[in-house]
Amino acid sequence: MGDTPPPPEATPPPPPPVTSGSPTDFLKNVVGKRVVVRLTSGVDYRGVLSCLDGYMNIALEQTEEHVNGIVTNRYGDAFIRGNNVLYISAAEPL
């Protein structure tokens, strides 16, 4: 039989590129972009990261509040106190 490669549609997509860098580099790259901020309570805030400080206090624009995956509120601007933040992730490719 053969050692023919599988058809192109059967090959899995390549893994995403591995980006190395510090958390500070990541945060600098996501300012002005859409992010997901997860709070320690489990609530997600999704919006455009306007700015943040050394205490991880966060200002978001065009903010949506998500509880259990459902949009519960929309805010123009939102300020999140840093001690409530569990993590920040990019909502769009960097």
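Structure's up top.
Residues numbered from 1 in each chain as written. Predicted model: local features only at pLDDT ≥ 70, side-chain atom pairs only at ≥ 80, totals over all residues. Heavy atoms only, no water.

(A) Spatial organisation of the nonpolar core. Counting residues in hydrophobic clusters, the biggest one holds 13 residues, and the most contacted among them are Val 35, Val 37, Tyr 45, Ile 58, Leu 60, Ile 80 and Ile 88. Looking at this core, the elements with two or more residues in it are helix H1 (23–30), strand E1 (34–39), strand E2 (44–52), strand E3 (58–67) and strand E5 (85–90). When residues of this core are assigned to their parent elements, the largest contribution, 3 residues, is made by E1. Setting aside residues up to four positions removed in sequence, Ile 58 forms contacts with Val 37, Leu 49, Cys 51, Leu 52, Ala 78, Phe 79, Ile 80, Val 85 and Ile 88. (Core = buried A, V, L, I, M, F, W, Y, C linked by side-chain atoms within 4.5 Å. Buried < 20%, exposed > 50% of the residue type's maximum accessible area, 1.4 Å probe, protein only. Helix = DSSP H or I, 4+ residues; strand = E, 2+ residues; numbered from the N terminus. Contact = heavy atoms within 4.5 Å.)

(B) Structural context of the pairing of E2. For E1 and E2, the ladder comprises 5 bridges, and the chain directions are antiparallel. The partner of Arg 34 across the bridge, within E2, is Val 48. The hairpin turn running from E1 into E2, its antiparallel successor, is 4 residues long, and Gly 42 in that turn takes a positive phi close to 95 degrees. As defined by bridge partners, E2 adjoins E3 across 7 bridges and the pair is classed as antiparallel. Each bridged residue has a counterpart across the sheet, and for Arg 46 the counterpart in E3 is Glu 64. (Pairing = 2+ DSSP bridges.)

(C) Geometry of the side chain of Asp 44. On the secondary structure map, Asp 44 appears in strand E2. Within the local environment of Asp 44, its side chain forms a polar contact with the side chain of Arg 38, the two groups lying 2.3 Å apart. Not counting residues within four places of it along the chain, the set of residues in contact with Asp 44 comprises Val 36, Val 37, Arg 38, Glu 64, Glu 65 and His 66. (Polar contact = N/O pair within 3.5 Å; in protein donor to acceptor, adjacent residues only side chain to side chain.)

(D) Examining the pairing of E3 more closely. Between the end of E2 and the start of E3, which pair antiparallel, lie 5 residues, with Met 56 showing a positive phi angle near 70 degrees. The turn linking E3 back onto strand E4 (residues 70–80) is made up of 2 residues, and Asn 68 within it adopts a positive phi angle of 55 degrees.

(E) Here's a closer look at the side chain of His 66. Looking at where His 66 falls in the secondary structure, it is placed in strand E3. Judged by relative accessible area, His 66 falls into the buried class, the value being 10%. Separated by 3.2 Å, the side chains of His 66 and Glu 64 make a polar contact. Residues within four places of His 66 in sequence aside, it is in contact with Val 43, Asp 44, Arg 46, Val 71 and Thr 72.

This is a description of form; function is not addressed.
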